[in-house]
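These are the residues of each chain, in order.
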Amino acid sequence: MTVRQLLLVFLAFFAISGNILGQGKDPKMDKFINDLMSKMTLDEKIGQLNLPSSGDITTGQAKSSNIAEKIKKGQVGGLFNIKGVEKIKEVQRIAVEQSRLKIPLIFGMDVIHGYETVFPIPLGMAATWDMAAVEQSARIAAIEASADGICWTFSPMVDISRDPRWGRFSEGNGEDPFLGGQIAKAMVRGYQGVGENMYKSNSNIMACVKHYALYGAGEAGRDYNTVDMSRIRMFNEYMYPYQAAVEAGVGSVMASFNEVDGVPATANKWLMTDVLRKQWGFNGFVVTDYTGISEMIDHGIGDLQTVSARALKAGIDMDMVSEGLATVGKSLKEGKVTQAEIDQACRRVLEAKYKLGLFADPYKYCDVNRAKKEIYTAENRAVARKIASESFVLLKNANNTLPLKKGGTIAVVGPLANTRSNMPGTWSVAVDLTKPATVVEGIQEVAGSNARVVYAKGSHLINDAKYEQNATMFGRTLHRDQETRSNEEMLQEALQISKDADVIVAALGESSEMSGESSSRTEIGIPDVQKELLRELLKTGKPVVLVLFTGRPLTLTWENENVPAILNVWFGGSEAAHAIGDVLFGDVNPSGKLVATFPQNVGQIPLFYNHKNTGRPLQEGRWFEKFRSNYLDVSNAPLYPFGYGLSYTTFSYSDIKLSSTTLDAKGELTASVTVTNTGKYDGAEVVQLYIRDLVGSVTRPVKELKGFEKTFIKAGESKNVSFKITPELLKFYNYNLEYVFEKGDFDVMIGGNSSDVKSARFTLN
């Protein structure tokens with residue numbers, strides 16, 4: 001065992017001992033929790049581990065429901081899915097005025113990318129590469145949610161994924177662990193606050209990083225599916241964002257649905273205790289995902305009592321919905337769990353409530369006056385509009401089709417052109433779906449009175465009616481059932497209004513619920529009937545701009561070859577429509593960059609930039625060579641690489657300047673480039689740093705993101721951008737899972753995306 005490993009074991013033992021004994025963190029909190037637990041019965045302790053769904057109970061039900069009776073008996077630790085500060089205040093009153101020990105409840109909600117003011121879906125937020133904006137979005141979400149009584153959010157979701165067939169790709173930050181880690185830290189800071197100010201304000205809420213672990217790596221891109229990978233790959237490619245959230249002080253962690261090493265995460269002690277607590281030093285509490293405990297019965301590892309005991313022993317502290325942990329009292333009598341294990345889980349839940357200030361003031365988050373003045377404000381919507389415009393990625397702009405002129409006739413066509421409810425995107429559970437503007441309205445408002453905007457739906461979302469129904473759930477319908485016209489009639493209407501137009505804006509792609517939970521797809525192109533509409537619009541000879549809605553990388557090979565301009569707008573949130581207008585007309589120069597590789601076709605999946613070489617790599621620039629690692633029918637290259645995104649201006653990069661070509665084990669060097677705006681528009685560029693470890697004790701990726709800086713450069717100006725490189729930046733997990741750096745040669749690469757870079761080399765001594 002190395003010195004480092006011995007130190008980790010010692011620190012872990014100290015941390016675990018402190019957790020069990022209630023010592024070593026906050027003496028005042030420890031005394032309070034010890035005193036409280038000394039008064040609690042076994043049933044009351046187990047009750048703290050129970051997190052049922054409220055079903056969004058009404059005011060009357062809060063007093064008379066089965067939930068209310070359980071709260072009075074101390075059988076509930078918290079509730080989720082309840083909206084409205086008045087409801088929450090009434091339920092909290094039952095807990096602190098009618099239960100024996102008056103223990104307050106914790107109230108959670110899926111505040112994923114905003115509360116009532118909704119920001120771009122997480123995949124879109126990540127595409128800003130702007131950590132200040134990411135943190136600000138989480139801060140506003142916390143202010144609004146807390147004003148409505150919520151003190152706990154099930155966010156950030158930081159699962160790395162390389163398979164865009166997976167629907168929940170939309171909820172994550174893409175394929176790169178380094179970028180995902182920076183976003184995790186920014187969101188935790190935004191929700192919780194920082195340092196001594198964490199939770200001090202009634203506008204700070206507790207974050208919950210999810211889904212721990214590896215949820216984004218499900219086989220075949222199918223949700224909830226099996227995950228199986230080596231531990232060296234786990235730690236080098238998937239685990240860092242969770243660890244980064246822990247380093248930022250995240251208060252809670254959510255277990256994932258999938259199995260890890262053949263054991264469901266919810267019962268995986270190695271995952272929940274050995275790694276999360278002992279190795280990373282996490283001291284918050286762990287909650288299951290929705291029915292995560294009872295679902296282990298179908299995984300095949302036991303009945304409800306058995307899987308519940310396994311979850312508790314693994315390190316689970318709170319049970320969402322299953323109510324399986326209610327069986328641990330029986331398991332205690334049978335010697336299958338210990339009193340110390342029950343006490344430990346109860347303590348962690350109580351500590352979370354203490355840290356949030358709920359024992360000092362159970363109504364801390366129940367100020368009804370805040371709800372009236374701090375939710376969905378004009379100021380918050382202005383920030384959401386700005387951030388949305390920064391998230392859009394310009395994929396193509398042949399012949400400078402964009403930006404458009406604010407005049408003439410603009411035909412806006414497509415099934416997503418005149419919908420409000422699809423603008424916020426998936427997992428926007430608190431939003432009023434009647435409030436967002438439509439794309440037609442946003443374009444008209446930004447274009448002004450000199451432009452004439454005409455609209456036609458043009459086609460259904462999907463030709464198959466049942467498929468469309470499944471893709472437009474939760475109030476996001478595109479009203480197909482009310483549509484009495486045929487596809488041909490809708491197409492002809494679109495062609496008719498486009499006949500006299502100066503430009504056609506085609507609002508196409510996925511509906512908001514075509515991505516998200518339980519929305520996996522085997523074909524990830526634009527749906528059939530929309531693609532036919534696009535073909536016909538192009539035949540008019542008019543300039544066509546594809547405004548693309550998506551929650552995942554799509555296969556766009558045909559569109560890239562044929563459509564003059566493609567603007568990927570993801571799902572931009574409450575102010576998506578106005579932000580789309582801002583970018584289309586050049587009020588905002590697009591600066592978003594992809595955080596996931598777009599494949600040429602689905603057969604290339606999984607496709608990601610930080611892959612490893614085989615022993616027979618294809619030579620750069622080649623398509624096919626026999627007995628090399630390639631395909632017969634398509635090149636290995638992506639359609640759009642990681643980090644890619646165009647601007648209305650252009651940027652050039654100088655060669656890399658290194659402060660030294662050697663690096664000592666305790667030193668640092670600087671890599672810098674001069675970036676020049678060579679176009680006619682002011683704009684922001686995301687300068688990206690990649691490093692390749694040329695020779696390792698285990699195989700290493702062809703490049704890894706190790707830094708980035710988003711910088712604004714005026715037309716004709718130049719800026720020097722530099723990055724510090726230290727040995728710490730070069731570390732990885734070796735075969736023995738030791739986190740080390742190794743001497744040798746390294747390539748440093750800087751550029752505007754992962755494929756277009758300048759290179760230099762240095763040696764680590």
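Residues numbered from 1 in each chain as written. Predicted model: local features only at pLDDT ≥ 70, side-chain atom pairs only at ≥ 80, totals over all residues. Heavy atoms only, no water.

A.B. asks: Please explain the overall build of the chain as it appears in this structure.
C.D. replies: Per the secondary structure count, the chain includes 24 helices and 27 strands. Expected size for 765 residues packed as a compact globule is a radius of gyration near 27 Å; at 27 Å, the chain falls within 12% of this value. Along the first, second and third principal axes, the C-alpha set of the chain runs to 80 × 65 × 45 Å. Relative to its 765 residues, the chain shows a buried fraction of 60%. Pairs at least 24 residues apart make up 78% of the contacts formed inside the chain by residues separated by at least 6 positions. (Helix = DSSP H or I, 4+ residues; strand = E, 2+ residues; numbered from the N terminus. Rg over C-alpha atoms; globule rule 2.2 N^0.38 Å. Buried < 20%, exposed > 50% of the residue type's maximum accessible area, 1.4 Å probe, protein only. Contact = heavy atoms within 4.5 Å.)

A.B. asks: It is not clear to me how the state of the cysteines should be interpreted in this structure. Could you clarify?
C.D. replies: When the sulfur atoms of two cysteines share a covalent bond, that bond is a disulfide. Scanning all chains against the criterion turns up zero disulfides. The thiol of C208 is not disulfide-bonded; the next cysteine sulfur, from C151, is found 12 Å away. (Disulfide = S-S within 2.5 Å.)

A.B. asks: Help me out: how do you make sense of the pattern of salt bridges in this one?
C.D. replies: Considering all chains together, one arrives at 45 salt bridges under this definition. The salt bridge partner of D110 is K210, with a shortest N-O separation of 3.3 Å. Separated by 100 residues along the polypeptide, D110 in the loop between strand 3 (106–109) and helix 7 (122–126) and K210 in strand 5 (residues 208–212) bring together distant segments of the chain. The pair D110 / K210 is uniform in exposure class, with both members buried. Across the salt bridge formed by E171 and R168, the nearest N and O atoms sit 2.8 Å from each other. R168 gets classed as buried once you look at its relative accessible area, which sits at 2%. Through salt bridges with shared partners, one network takes in K83, E116 and D148. (Salt bridge = Lys/Arg side-chain N within 4 Å of Asp/Glu carboxyl O.)

A.B. asks: Just checking my understanding: could you explain the sheet that holds strand 5 for this structure?
C.D. replies: Whether parallel or antiparallel, the strands of a sheet pair through hydrogen bonds between backbone atoms. On the basis of which strands lie adjacent, the open sheet formed by three strands has the order 5-6-9 and parallel pairing. The sheet is open, and its two borders are formed by strand 5 and strand 9 (285–287), each paired with just one other strand. Going across the sheet, the axis of each strand differs from the next one's by a mean of 25°, ignoring polarity. Looking at chain direction, strand 5 and strand 6 (residues 252–255) are connected through three bridges and run parallel. Counterpart to C208 in the pairing with strand 6 is S252. (Pairing = 2+ DSSP bridges. Axes fitted to C-alpha atoms, helices over the stretch in contact; angles between N-to-C directions.)

A.B. asks: How should I be thinking about the sheet that holds strand 27 (residues 757–764) in this particular structure?
C.D. replies: Taken in spatial order, the five strands make up an open sheet running 19-27-26-21-22, and their pairing is mixed. The open sheet terminates on both sides in strands that have one partner only, identified here as strand 19 (662–663) and strand 22 (704–713).

A.B. asks: Sorry if this is basic, but what is going on with the nonpolar core here?
C.D. replies: Grouped burial of nonpolar side chains is what soluble globular proteins tend to show. Membership of the largest hydrophobic core comes to 232 residues, with the highest contact counts inside it found for W152, Y212, M239, F549, L584 and I725. Tallying contributions element by element places helix 8 (residues 131–147) first for this core, with nine residues. (Core = buried A, V, L, I, M, F, W, Y, C linked by side-chain atoms within 4.5 Å.)

A.B. asks: What is the right way to read the environment of T711 from this model?
C.D. replies: On the secondary structure map, T711 appears in strand 22. Along the backbone, T711 and L312 are 399 residues apart, and their C-alpha atoms lie at a distance of 48 Å. Setting aside chain neighbours within four positions, we find T711 in contact with G683, A684, E685, V687, K719 and V721.

A.B. asks: I'm lost on a nonpolar patch on the surface in this one. Help?
C.D. replies: A surface patch of nonpolar side chains, about 350 Å² in accessible area, is lined by W623, F624 and L632. Within the secondary structure layout, F624 lies in the loop between helix 24 (576–584) and strand 17 (651–653). Residue classification places F624 among the partly exposed positions, given a relative accessible area of 32%. (Patch = residues over 30% accessible without salt bridge, like charges linked within 9 Å, V, L, I, M, F, W, Y side chains within 5 Å. Areas by Shrake-Rupley, 256 points an atom, 1.4 Å probe, with all protein chains shown as cover.)

A.B. asks: Got a minute to help me understand the confidence of the model for the chain in this structure?
C.D. replies: Low-confidence regions, as indicated by low pLDDT, have predicted coordinates that should not be scrutinised in detail. On average, the chain scores 94 in pLDDT, and the residues at 70 or more come to 95%. When mean pLDDT is compared element by element in the chain, strand 11 (residues 393–397) scores highest at 99, while helix 1 (residues 3–21) scores lowest at 41. Within the model, the stretch residues 1–24 combines pLDDT values under 50 with 26 contacts to residues more than four positions away or in other chains. (pLDDT = per-residue confidence, 0-100.)

A.B. asks: Help me understand the packing of aromatic side chains, please; the structure alone is not making it clear to me.
C.D. replies: Both the distance between ring centres and the angle between the ring planes are used here to describe each pair of aromatic rings. Evaluated as defined, the whole model comprises 24 aromatic pairs. Here the aromatic rings of F80 and F154 are separated by 5.9 Å at their centres, their planes lie at 80°, and the arrangement is edge-to-face. Highlighted residues: F80 in strand 2 (residues 78–80) and F154 in the loop between strand 4 (152–153) and helix 9 (177–192), separated in sequence by 74 residues. Across this residue pair, the class does not change: F80 and F154 are buried. Among the aromatic residues, those joined into a ring-pair cluster are W129, F178, Y609, F642, Y690 and F708. Positioned above the aromatic ring of Y376, the side-chain terminus of R381 is 4.5 Å from the ring centre. Lying across the ring of F627, K626 places its NZ or CZ 5.8 Å from the centre. (Phe/Tyr/Trp six-rings, centres within 6.5 Å; stacked < 30°, edge-to-face > 60°. Lys NZ or Arg CZ within 6 Å of the ring centre and 35° of its normal.)

A.B. asks: In this structure, what is going on with the UniProt feature "domain: Fibronectin type III-like" (unreviewed entry) in the chain? I would like to understand it.
C.D. replies: Feature annotation in UniProt places "domain: Fibronectin type III-like" (unreviewed entry) on residues 685–754, given in this structure's numbering. Within the segment residues 685–754, helix and strand shares are 0% and 56% respectively, and the terminal C-alpha atoms sit 14 Å apart. (UniProt positions renumbered as here; feature names shortened; annotations may be inferred.)

A.B. asks: What is the right way to look at the packing of helix 21 (residues 487–498) against helix 22 (residues 528–539) in this model?
C.D. replies: For any two helices packed against each other, the geometry is given by the interaxial angle and the distance between the axes. Packing of helix 21 against helix 22 brings their axes to within 10 Å, and their N-to-C directions diverge by 30°. Here the hand of the crossing between helix 21 and helix 22 comes out right-handed. On the side of helix 21, the interface is formed by N487, L491, A494, L495 and S498, while helix 22 contributes V529, L533, E536 and L537. (Left-handed = near helix turned anticlockwise from the far one by under 90°.)

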